[in-house]
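# Observations on the model geometry
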Amino acid sequence: MSFDPIKNITSKTLVLPAANIDTDQIIPARFLTVTTRDGLGKHAFNDWRYDDDGTPNDHLLNQVNSPDYQILVGGHNFGCGSSREHAPWALTDYGFRAVISSEIADIFKGNSLKNGLLPVVIEKSAHQWLLDHPGEEVTIDLEKCEVRLPKNGGTYSFEIDAFSRHCLMEGVDEMGYLGTQNDAIAEFETNHG
Amino acid sequence: MPKTLFDKVWERHVVVPETAEHPATLYIDLHLIHEVTSPQAFTVLKERGLKVRRPDRTLATIDHSTPTLIDADGNRPFVTEQAEKQVSLLLANTAEHGIETHGWDSDYRGIVHVMGPELGATRPGMTIVCGDSHTSTHGAFGAIAFGIGTTQVGHVLANQCILMRKPKTMAIHVDGELSDGVTPKDVILAIIAEIGVGGGTGYALEYRGSVFENMSMDGRMTVCNMSIEAGARCGMVAPDQTTFNYLEGRKFAPTDYEAACEDWLSLASDDGAAYDKEVFLKAEDIRPMVTYGTHPGMAMPIDAMIPAAADEAEENALDYMQVKAGTEIEGLKVDRVFIGSCTNSRMEDLRAAARIMSGAKVVGDVIAIVVPGSELVKKQAEAEGLHEIFETAGAQWREPGCSMCIAMNGDKAAPGELVVSTSNRNFAGRQGPGARTILASPETAAAAAIAGVLTDPRVFSDAGEDPTDVL
Ligand code: SF4
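It should be emphasised that the depicted structure is a prediction, and the values quoted were computed from it without experimental measurement.

## Observations regarding helix α15 (residues 442-451) of chain B
All names here are of chain B. Summarising burial for α15: nine of the ten residues are buried, a large majority. Residues of α15 that are buried: P442, E443, T444, A445, A446, A447, A448, A449 and I450. Buried positions along α15 lie against β13 (289-291), β15 (336-339), α12 (347-357), β16 (367-370) and β18 (418-421). Within two residues after α15, G452 carries a phi angle of roughly 80°, on the positive side.

## Notes on the environment of D311(B)
Looking at where D311(B) falls in the secondary structure, it is placed in the loop between β14 (299-301) and α11 (312-321). A polar side-chain atom of D311(B) sits 2.9 Å from the main-chain amide nitrogen of E314(B).

## Some thoughts on the sheet that holds β16(B)
Remark on secondary structure: sheet strands pair via backbone hydrogen bonds, oriented parallel or antiparallel. All names here are of chain B. Ordered by their spatial adjacency, five strands build an open sheet running β17-β16-β15-β18-β19, and the pairing between neighbours is parallel. In this open sheet, the two edge strands, each paired with only one partner strand, are β17 (396-397) and β19 (436-439). As defined by bridge partners, β15 adjoins β16 across four bridges and the pair is classed as parallel. By the bridge assignment for β16, V337 is matched with A368.

## So, the domain arrangement of chain B
You'll often see interface size given as the accessible area lost when the parts meet. Residue and element names in this part refer to chain B. Domain annotation for chain B reports domain 1 (5-164), domain 2 (168-239 + 257-285) and domain 3 (291-470). Each partner contributes residues to the interface: domain 2 has 19 residues there, and domain 3 has 23 residues. Both sides of the domain 2 and domain 3 interface together cover about 1500 Å² of buried area, and 55% of this is carbon and sulfur. Considering only the side of domain 2, the residues that lose the most area to domain 3 are K185, D218 and E229, jointly responsible for 32% of the buried surface there. At the junction of domain 2 and domain 3, the tally comes to one salt bridge. Here R425 and E229 are joined by a salt bridge, their closest N and O atoms 3.1 Å apart. Residue assignment for the side of domain 2 that touches domain 3 shows that the elements contributing at least two residues are α6 (184-195) and α8 (217-225). No other element matches the six residues that α6 contributes to the side of domain 2 that touches domain 3. Of the residues belonging to the side of domain 2 that touches domain 3, the class tally is eight nonpolar, six polar and five charged.

Rules used throughout
- Residues numbered from 1 in each chain as written.
- Chains lettered and ligands numbered in written order.
- Predicted model: local features only at pLDDT ≥ 70, side-chain atom pairs only at ≥ 80, totals over all residues.
- Heavy atoms only, no water.
- Buried < 20%, exposed > 50% of the residue type's maximum accessible area, 1.4 Å probe, protein only.
- Helix = DSSP H or I, 4+ residues; strand = E, 2+ residues; numbered from the N terminus.
- Contact = heavy atoms within 4.5 Å.
- Polar contact = N/O pair within 3.5 Å; in protein donor to acceptor, adjacent residues only side chain to side chain.
- Pairing = 2+ DSSP bridges.
- Domains from an automatic or database assignment.
- Buried area = accessible area lost by both parts, 1.4 Å probe.
- Salt bridge = Lys/Arg side-chain N within 4 Å of Asp/Glu carboxyl O.
- Nonpolar A, V, L, I, M, F, W, Y, C, P; charged D, E, K, R; others polar.

As structure tokens, then:
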């Protein structure tokens, strides 16, 4: 999967404050019968955004112009549940480039990093500030690993795996990287049957 | 230095060690695939002109979007054309790459996590991945087994490896003796309620103590299956004689079985091995459990009062479930019962449900469906006459598959309906938009079907003779 390198993102935030937003909310299972990865954005948070007959309701996600809101702020423990990569696909197709929460589920985090969606786990006070100030313009600086909040909200550092950061900033693809280890893999197979 | 089970299996599979800059390159012994999370990975392979590196270490089945009913003409009506296309694409992709596939014509077809162990493809000391988070199930055999996303499915197809940093380890001890009527499902729900849905994030779990030592493989699989619901990517139980007895004679069991068992025994955590975290529960404290909210951590003993909401999210969850804090959960009116999924669709589960439903009737307006986990389970259950017990009771006996666990094959509940389900996720809408899910053991689900309301299964325990003796 190729994606544009990310160095820093400055954007308004779209805030979904509920805790434990799971992957079934992000993309309900009945949309998983697709065989490509495109076009899932219209089903991101489908059951929150559309009435039973498919009419869009007045949910925030239907109101904003998505390219203006590249940062999604989710409540605590975002992305728990399934390993479906359709979740980050749906979010990036909607227009998000980063997700911020005070806790983000492991598999979702890994899947996001591989698809050009930057998962940022930030300390509780900064998270609370973001929840309290929806729509503010926030900067995520991947070079410095910090989130800068406007209006004296402060600057907070976040942690990200060095390799994932390198891949995101350079647009490097892990499959290509694994391909360079072919000899080591072949040797392992010889030694371990 | 004393090592844990996880450490030992991990070390055996490191191709390139982890550094500050790079995650470890970890070799994968077994890659399980199914129709939902593989098509985009095969597309990437095609785009790059790559081959599947080890088709011999890859096994495929169809389970998620497959119909569980066969119509009068012998056809399997798919919910949508797209679902049918997804299945045929899987079959085409695996045929093209020479991957052993258990499709419609196989005696082994089934939910991917039920099938792997039945084939003996799941064995102690292995690394196992699948594009499905409940891959943690296979940890019951002392394997490191975890779910991966589609990008990584592509990595494993192409390179038989994944890039990963070593997680921390957590030991979960449950010692003592379980009371009558308390099942492995209750044990894992009690654990998740204790540590929380995020409690295992970043950890590999190891289940230790007499409760797991005395548990069957079916039970250990139920427990490990739901490790992911505590946020942990994998959960393990040390291999022992119970494991060896289960695997002996299976299709992929090693030929020199004794030598294999000896090696597997050496995988157990050494005395004094250090874990990053340890949690202790007493077996005697665990009662039959049910969930009352919209994630598996909102679980409670069935005979307790619904706890007060801890925050706004829990308040919303109670509203969604239409339940009230401080009231009994027993007696809640039930609309549907689902007995199935990779959590509870094996023989032990079906026998337990049949024991309770034997000679009873599903209450008039309740729809109960029983979906065996695999063709093998279906065949065995029918040989034991369990299907007759279910059908006589008025429950539907279906074809193997994921069915209402994920509700993407058309098996689902209507908005607002209350489902007592033996599956693993009670997220809002998981079993159909607006559907309300209560997770429970097969015993509790069966009891709900014949009582029409949520009922403590222990009231039926005396009635329960072994149905296989009855027939
Ligand atoms: S039964 Fe449910 S949890 Fe298990 S593999 Fe199927 S969809 Fe996933």
